[in-house]
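Here are the chains, one letter per residue:
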Amino acid sequence: MTHIAERTYESTPARKVAFIGLGVMGYPMAGHLARAGHSVTVYNRSGGKAVAWAAAFGGAHKATPREAAQGADVVFACVGNDDDLRAVTLGADGAFAGMARGSVFVDHTTASADVARELFSAAKALGLSFVDAPVSGGQAGAQNGALTVMCGGDSAAFDAVKPVAMAFSRAFTLMGESGAGQLTKMVNQICIAGLVQGLSEAIAFGQKAGLDMNQVLDVIGKGAAQSWQLDNRGKTMVADQFDFGFAVDWMRKDLGLVLDEARRNGSRLPVTALVDQFYADVQAMGGRRFDTSSLIKRLK
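Residues numbered from 1 in each chain as written. Predicted model: local features only at pLDDT ≥ 70, side-chain atom pairs only at ≥ 80, totals over all residues. Heavy atoms only, no water.

Turning to the overall build of the protein chain, a few remarks are in order. Looking only at helices and strands, the protein chain has 13 helices and 9 strands in total. Whereas a compact globule of 300 residues would reach a radius of gyration of roughly 19 Å, the protein chain reaches 20 Å, a difference of no more than 12%. In terms of its C-alpha atoms, the protein chain occupies a principal-axis envelope of roughly 65 × 45 × 35 Å. Within the protein chain, the fraction of its 300 residues that count as buried is 48%. The contacts in the protein chain between residues at least 6 apart in sequence include a share of 67% that link residues at least 24 apart. A total accessible area of about 13,300 Å² is found for the protein chain, and carbon and sulfur atoms account for 53% of it. (Helix = DSSP H or I, 4+ residues; strand = E, 2+ residues; numbered from the N terminus. Rg over C-alpha atoms; globule rule 2.2 N^0.38 Å. Buried < 20%, exposed > 50% of the residue type's maximum accessible area, 1.4 Å probe, protein only. Contact = heavy atoms within 4.5 Å. Areas by Shrake-Rupley, 256 points an atom, 1.4 Å probe, with all protein chains shown as cover.)

This is the structure we're talking about:
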């Protein structure tokens, strides 16, 4: 968990920041902030991980989100879901209670657009700013400091935090008003769901046809079938290896958010709904922690 890749950071004034949530994404993200020269204080629900992070990267750790956020110019968070996000922001021990007027809370959780708008309003009432900023790139992207971040919120708050967030980002883009970041992440997950299912069917078909699928992937990867999924997961799928980061449980959580939003806005997502049920099948097979390319296991 302590490992993060070496990288060159953009020159930016050192800021006092907090990071809440030290999971497989948050731990290296906070590490890059420290390596980039910022003063980082962390909080994690299980305190032992915060102690370990502080020992590894030289920052401080606190017992509550409120304490971690005190004095910070920017507070970053990456937790599990809407309820977890409310728990670390609201209430007497929440980060909002410790933040100074004018500071910014940046949420990297993949959550609903509704909770983003709710917390944007709650922050504004306290003289704070809130940016919803879900990420794409997975555990490897976090460790390499190369995440793609899609943001929603006020442009002034976005401009204030972008130079700091570039410590762990390769792209940090404002997509629109509050909630737009979360909606953009939903588009991302819709695309991935369909791509992985298509790749799974193609590989399973080719294997049953007796083809050398590694050779096939090399060939079709030079044409119109090329994709990130094919390049990075195709051969591991052929090898029946499924321990490469973003887990099926997390994908089902994300697709649940997508399908809830689709019911609200009237979108028709027949393929996404079907792939969500295919992931439920993988869960039932014991694959809750397999990575998302494990859809192919249903077809073998």
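There is more to say after this.
Another point: the pairing of strand β5 (residues 104-107). Of the two faces of β5, both are covered, the one formed by Val104 and Val106 as well as the one formed by Phe105 and Asp107. Relative to β5, strand β4 (residues 74-77) runs parallel, the two sharing 4 bridges. When the bridges of β5 are listed, Val75 appears paired with Phe105. Taken together, the 4 bridges between β5 and strand β6 (residues 129-132) define a ladder with parallel strand orientation. The residue bridging Asp107 from the neighbouring strand is Asp132, located in β6. (Pairing = 2+ DSSP bridges.)

The next thing to look at is the nonpolar core. Ranked by size, the top nonpolar core spans 38 residues in total, and within it Phe19, Leu33, Trp53 and Phe76 carry the most contacts. For this core, the secondary-structure elements that each account for two or more residues are β1 (16-20), α1 (26-35), β2 (39-43), α2 (47-57), β4, β5, β8 (147-152) and α8 (155-165). Filtering out sequence-adjacent residues up to four positions away, Leu33 remains in contact with Val17, Phe19, His38, Val40, Phe76, Val164, Ala167 and Phe168. Listed in part, the 22 residues of the second largest apolar core include Ala72, Leu85, Val88 and Val115. (Core = buried A, V, L, I, M, F, W, Y, C linked by side-chain atoms within 4.5 Å.)

This model, assessed by the stated rule, comprises 9 aromatic pairs. Relative to Phe76, the ring of Phe19 has its centre 6.0 Å away and its plane inclined at 20 degrees; by these criteria the two rings are stacked. Here Phe19 is found in strand β1, whereas its partner Phe76 is found in strand β4, with 57 residues between them in sequence. Of the two residues examined, Phe19 and Phe76, each falls in the buried class. Consider the rings of Phe158 and Phe172, whose centres lie 5.3 Å apart with planes at 15 degrees: the pair is stacked. One end of the pair, Phe158, is in helix α8; the other, Phe172, is in strand β9 (residues 169-176), and 14 residues separate them in sequence. Relative accessible area serves as the criterion here: at 7%, Phe158 is assigned to the buried category. For Phe172, a relative accessible area of 3% corresponds to the buried category. (Phe/Tyr/Trp six-rings, centres within 6.5 Å; stacked < 30°, edge-to-face > 60°.)

Looking now at the pattern of salt bridges. Oppositely charged side chains may form a pair once their charged atoms are brought near each other. For the structure on display, the rule yields 15 salt bridges. Arg264 serves as the salt-bridge partner of Glu261, at 3.1 Å between the closest nitrogen and oxygen. Here Glu261 pairs with Arg264, and both are found in helix α12 (residues 248-265), just 3 residues apart, close to one helical turn. Residue class for Glu261 comes out buried when judged on its relative accessible area of 11%. (Salt bridge = Lys/Arg side-chain N within 4 Å of Asp/Glu carboxyl O.)

A word on the environment of Asn232. Summarising the element assignment, Asn232 is placed in helix α11 (residues 228-238). Judged by its relative accessible area of 35%, Asn232 is partly exposed. On a C-alpha basis, the gap between Asn232 and Tyr27 in space is 23 Å, while along the polypeptide they are 205 residues apart.

What follows covers the pairing of β8. The element β8 is extensively covered by neighbouring structure, given that 5 of its 6 residues are classed as buried. Pairing analysis gives 2 bridges linking strand β7 (residues 135-136) to β8, with the strands arranged antiparallel. Across the sheet, Val135 pairs through a bridge with Val149, a residue of β8. Strand direction decides the pairing type here: β8 and β9, joined by 6 bridges, are parallel. The residue bridging Thr148 from the neighbouring strand is Ala171, located in β9.

Attention now goes to the packing of helix α9 (residues 180-208) against helix α13 (residues 270-284). It is at 9 Å that the axes of α9 and α13 come closest, and there the two elements cross at 65 degrees. Viewed along their axes, α9 and α13 adopt a mutual orientation that is roughly perpendicular. Relative to α13, the crossing made by α9 is left-handed. Where α9 approaches α13, its residues Ile190, Ala193, Val196 and Gln197 are matched on the opposing element by Thr272, Val275, Phe278 and Tyr279. Of the residues contributing to the contact of α9 with α13, the split by class is 6 nonpolar, 2 polar and no charged. (Axes fitted to C-alpha atoms, helices over the stretch in contact; angles between N-to-C directions. Parallel < 35°, antiparallel > 145°, perpendicular 65-115°, else oblique. Left-handed = near helix turned anticlockwise from the far one by under 90°. Nonpolar A, V, L, I, M, F, W, Y, C, P; charged D, E, K, R; others polar.)

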